[in-house]
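Inside the fold
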Amino acid sequence: MQKIKSLMARQGLKSPQESMADLSPVENLRIPSKEELRELREQPIDPQAEQEIIDSIEEVYFSNDSFDMVQHELEKLPPELNLQELEEYRDKLKRQQSAVSKKVADLILEKQPAYVKELERVTALQTNLQLAAVICTNARRQLSVAKEGFTEASLGLLANQRRRQLLTGLLKSLRTIKTLQRTDVRLSEMLEEEDYPGAIQLCLECQKAASTFKHYSCISELNSKLQDTLEQIEEQLDVALSKTCKHFDVLHYTKVQLAYKLLGKTQTAMDQLHMHFTQAIHNTVFQVVLGYVELCAGNADTKFQKMQYKDLCTHITLDSYIPCLTDLCKALWEVMLSYHCTMQWHEEHDKQENTPTPDDAAAAAESDELVVDRSYVKKKLEHGLTRIWQDVQLKVKAYILGTDMSNFKYDDFIVVLDVISRLMQVGEEFCGSKSEVLQESIKRQSINYFKNYHRARLEELRMFLENETWELCPVKSNFNIAQLHEFKFMGQCRSPSVSPSRQAVTSSTLAQEELSLFQQYLQEGNPFEMHIEHKEEETEDVLASNGYESDELEKSVYQDYDSDSDVPEELKQDYVDEQTGDAPLKSVSRETIRSKKKSDYNLNKTNAPILTNTTLNVIRLVGKYMQMMNILKPIAFDVIHCVSQLFDYYLYAVYTFFGRNDMYESSGLGLISSRLRTTLNRIQESLIDMEAVGENAGVHGPGEDRKEKVPSPHLSQLVVLTNSGSLYGLAQRVVATESLVFLAEQFESLQSHLDTMMPAAKKPFLQQFYSQTVSTASELRKPIYWIVAAKAIDYEQMLLLMAGVKWDIREIMSQHNVYVDVLLKEFEQFNKRLGDVSRHVRIPLPVSNVLWEHCIRLANRTLVEGYANVKKCSNEGRALMQLDFQQFLMKLEKLTDLRPIPDKEFVETYIKAYYLTENDMEQFIKNHREYSMKQLANLVNVCLGSHINKKARQKLLAAIDDIDRPKR
């Protein structure tokens with residue numbers, strides 16, 4: 001069908017009839033006429049046969065429009081033509097043409113109504129186009145009329161009005177741009193006025209306005225300039241932020257924070273702030289130390305400025321150490337106070353901004369952002385506390401360890417400890433830190449210093465002991481160590497961890513003490529300035545006599561004396577610590593010792609304590625040691641150990657001076673207990689440098705163990721212990737021994753305080769020291785006074801007198817022997833000399849009791865020894881022995897108040913043993929091992945010799961030999 005339509009179009013037919021009339025005869029495809037079509041329709045043709053004919057047409061006929069059928073058929077002709085075949089082929093083509101024609105005719109007839117209808121629509125379209133042409137013609141004509149109706153002047157006026165409006169808008173924009181270009185002057189003024197929020201607000205507004213006019217080429221340069229200005233503002237803002245690290249100002253900091261908030265850099269500001277605080281700490285300490293180093297160096301050498309801080313600290317001199325440390329702490333306090341104020345500002349600011357969240361979505365989002373910023377700032381500040389305190393500790397640690405403090409004076413070192421203690425208190429209030437770094441560094445320096453200091457004090461103590469004449473240091477009867485300046489700190493109700501500078505507080509300042517340091521010094525002042533002022537007051541107090549305001553008051557501490565005729569020259573001299581240059585200890589002075597000493601005939605009278613200058617010196621040392629321990633608990637054990645060595649050395653010196661004697665063991669009196677002997681051996685092994693004995697006191701071996709030891713002291717040559725007139729130095733012995741007992745009593749009173757300072761793990765050491773050393777002080781009375789008792793009475797003379805008595809008498813005697821009177825006369829003389837000594841030195845009741853006990857025990861044992869020397873003795877002779885002893889006891893009880901009489905049973909039992917039988921004697925030997933073998937053998941030989949045979953006597957003597965007799 002498409003083939004037919006294209007064929008029709010190519011022929012340019014306007015109607016089916018015209019198309020059929022104009023067909024070219026050359027085509028050999030003749031369109032049948034109506035009649036023929038009718039005939040064709042009327043011819044009965046089988047549709048199937050017709051379709052087969054159409055299908056038999058070659059495909060090439062349907063290929064394309066430009067197909068040339070005639071040419072095609074001609075080309076198909078064979079070279080040799082056969083008429084019949086040609087006719088048959090022609091008939092075939094005719095049949096095919098006829099079938100195609102019939103098919104075309106059927107299709108035309110079938111589509112004709114639609115064709116007619118479409119043709120009518122084309123005609124209507126042609127009519128509409130003609131009408132449109134008329135409308136366009138009329139419009140052109142009317143436009144021409146309109147153009148002629150308006151003048152060119154009117155149109156020009158409208159154009160000018162529009163141009164004016166545009167130029168007015170342009171002028172306004174240009175004025176704005178001019179204003180923007182001049183804002184840099186105003187911004188500079190605002191920065192000079194430190195109005196950072198206003199400058200940033202103005203700069204941001206200018207940037208916003210510039211973005212509105214960004215289509216102008218000049219604005220791009222202005223935008224760049226505004227950005228540079230904003231960066232410049234941020235730099236100045238950073239500088240302003242750094243200024244708050246040393247001197248916090250609320251208004252200044254508020255401006256800075258508001259400016260950062262406008263920039264939207266609150267978190268960045270906090271990071272920068274912490275960096276500035278770290279830098280401020282470093283710069284501050286460096287400048288302080290550098291200033292002192294250059295000042296002490298005395299030249300303009302710039303090498304110090306290039307040094308590291310740690311190296312710079314090693315150039316601090318001893319004289320400038322404490323002022324530099326104080327200034328260092330002052331400067332660091334300012335930094336920490338600024339940080340504290342910064343935290344307070346943020347806390348108050350957060351409370352003010354805690355308003356209900358708005359309903360507006362944009363405002364809610366902004367509020368959420370503020371909450372995030374606030375949370376970040378809070379965490380950063382809290383974390384910064386520990387970080388800043390750690391930086392402070394490290395800087396101060398480097399300063400502390402940069403100098404060897406071992407040669408510092410005691411008072412100077414106490415000042416250093418005081419300053420560091422106050423700094424640690426600041427740290428605890430600042431961030432709750434225990435300041436482990438500071439504690440460890442000051443502990444190292446303290447142990448180093450204390451070892452050297454203690455070594456010097458032990459050497460000094462040895463010097464005092466070797467020059468001590470053991471004269472009484474007269475003090476008031478109510479004397480107490482609390483009156484000494486070194487123990488004033490114990491009277492203050494304060495924690496041991498608090499620095500001594502807080503001791504001298506008045507009732508008016510107690511309320512301030514309850515406040516934290518940051519509350520006290522928030523507005524003005526500095527805790528380390530107050531420390532220096534207090535320390536100066538304390539120094540003046542040390543220089544005053546025993547802490548009293550005048551010499552008259554000091555004199556009232558001591559007893560009043562009439563003259564100083566019999567006072568040794570040594571006691572008339574002021575005590576000066578030549579080793580350290582410390583202030584005089586004021587233990588005794590010429591003004592306070594005006595003595596003819598008051599007589600004390602009543603030996604039982606409670607009076608002033610007995611002590612010497614050396615005792616007072618040891619007590620003062622203990623007070624100083626405890627001050628150091630009070631400030632710095634970590635070295636408490638080391639200090640207490642050294643305190644114990646002071647007591648040990650004093651005890652050992654008293655023992656070696658007055659109590660060491662080879663006759664102890666042979667006496668059988670058990671003068672030295674096993675506990676005292678153990679203590680003395682321990683002191684000798686751990687503290688006494690036995691190798692230095694006989695050498696120069698200042699020469700010591702290099703061994704580390706010897707560095708911890710001190711040579712054994714030697715008694716001063718001024719002390720005479722061999723004069724019988726002075727009871728063999730009894731006065732000196734009493735002063736030495738009783739001063740030791742007094743020292744032990746003071747140690748007992750300090751035990752509870754020392755116990756609170758001692759670490760729990762080391763408390764057994766303290767308990768052992770008190771139970772095995774301090775408590776043994778009074779036990780030294782026995783061996784020391786025994787020497788006096790042994791020499792004061794002539795026991796050998798008594799033995800000689802007893803040897804001259806005839807004991808084998810045959811009648812009862814009513815008169816005692818002469819040796820008893822001689823012995824009693826010796827005791828009377830002893831009592832008189834004891835009274836003479838007591839006029840110079842008070843003899844306490846325990847001392848007189850020990851002396852009398854020793855003398856009586858020695859006398860009784862001499863009696864037994866004398867009775868054991870008897871070769872022959874009758875029963876009447878035994879009765880005479882009893883008479884003599886009873887006479888001795890009766891007279892003795894009038895001389896002494898000591899009851900019961902020591903060793904009374906020792907003599908009576910021995911005398912009564914003369915009456916025992918053989919069996920009783922054997923039991924007596926077993927039960928009474930206190931008697932010597934000689935004494936027991938005398939009982940067997942003299943008493944039983946005439947009553948028993950030789951074999952029995954040998955048996956008893958053998959029993960005596962077999963007995964192992966431990967000495968008492």
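Here, every reference points to the structure presented above.
We now turn to the structure provided with this report.

What counts and how
Residues numbered from 1 in each chain as written. Predicted model: local features only at pLDDT ≥ 70, side-chain atom pairs only at ≥ 80, totals over all residues. Heavy atoms only, no water. Helix = DSSP H or I, 4+ residues; strand = E, 2+ residues; numbered from the N terminus. Buried < 20%, exposed > 50% of the residue type's maximum accessible area, 1.4 Å probe, protein only. Contact = heavy atoms within 4.5 Å. Areas by Shrake-Rupley, 256 points an atom, 1.4 Å probe, with all protein chains shown as cover. Core = buried A, V, L, I, M, F, W, Y, C linked by side-chain atoms within 4.5 Å. Axes fitted to C-alpha atoms, helices over the stretch in contact; angles between N-to-C directions. Parallel < 35°, antiparallel > 145°, perpendicular 65-115°, else oblique. Left-handed = near helix turned anticlockwise from the far one by under 90°. Nonpolar A, V, L, I, M, F, W, Y, C, P; charged D, E, K, R; others polar. Phe/Tyr/Trp six-rings, centres within 6.5 Å; stacked < 30°, edge-to-face > 60°. Lys NZ or Arg CZ within 6 Å of the ring centre and 35° of its normal.

Let us look at the overall build of the chain. Along the backbone of the chain there are 37 helices and two strands. Counting only residues that meet the buried cut, the chain has 43% of its 968 residues in that class. For the chain, the share of sequence-separated contacts (at least 6 apart) that also reach a separation of at least 24 residues comes to 80%. In the structure as shown, the chain presents an accessible area of about 52,200 Å², 52% of it carried by carbon and sulfur atoms.

Moving on to the nonpolar core. Core analysis: the largest hydrophobic core is formed by 225 residues, its most contacted members being Tyr867 and Phe888. Beyond its immediate sequence surroundings of up to four residues, Phe888 is in contact with Val820, Leu823, Leu824, Phe827, Ala859, Asn860 and Leu863. Core analysis: the second largest hydrophobic core is formed by five residues, Ile54, Ile57, Tyr61 and Ala99 among them.

On to the packing of helix α32 (residues 845–868) against helix α34 (residues 904–912). Where α32 contacts α34, the two axes come as close as 8 Å, and the packing angle between them is 15°. Taken together, the axes of α32 and α34 are roughly parallel relative to one another. Pair α32 / α34 crosses with left-handed handedness. Contacts between α32 and α34 involve Asn860, Arg861, Val864, Tyr867 and Ala868 from the former and Lys904, Phe906, Val907, Tyr910 and Ile911 from the latter. Residue composition of the contact of α32 with α34, by class: seven nonpolar, one polar and two charged.

Another aspect to go through is the packing of α32 against helix α36 (residues 933–943). When two helices pack together, their arrangement is given by the angle between the helix axes and the distance between those axes. The interhelical angle for the contact between α32 and α36, taken along N-to-C directions, is 45°, at an axis separation of 9 Å. As judged from the angle between their axes, α32 and α36 are oblique. Handedness of the α32/α36 crossing: left-handed. Note on element contacts: α36 touches α32 through Lys934, Gln935 and Asn938, opposite Val864, Glu865, Tyr867 and Ala868.

Moving on to the packing of aromatic side chains. All chains considered together, the criterion is met by 31 aromatic pairs. Ring plane angle 80° and centroid distance 5.0 Å describe the contact between Phe277 and Tyr339, whose orientation is recorded as edge-to-face. In this pair, Phe277 is assigned in helix α11 (residues 266–297) and Tyr339 in helix α13 (residues 318–352), connecting sequence segments 62 residues apart. Note on Phe277: relative accessible area 0%, which makes it buried. Classification of Tyr339 as buried rests on a relative accessible area of 0%. Relative to Phe765, the ring of Phe637 lies with its centre 5.4 Å away and its plane at 75°, an arrangement referred to as edge-to-face. Residue Phe637 is located in helix α23 (residues 636–659), and its partner Phe765 is located in helix α28 (residues 763–772); the two are separated by 128 residues in the primary sequence. Overall, Phe765 belongs to the partly exposed group, its relative accessible area being 25%. Aromatic rings pair up to connect Tyr410, Phe413, Tyr449, Phe450, Tyr453 and Tyr625 into one cluster. Positioned above the aromatic ring of Phe637 is the side chain of Lys762, whose terminal nitrogen or guanidinium carbon lies 4.6 Å from the ring centre.

In short, the description is geometric, and any link to function would need to be established separately.
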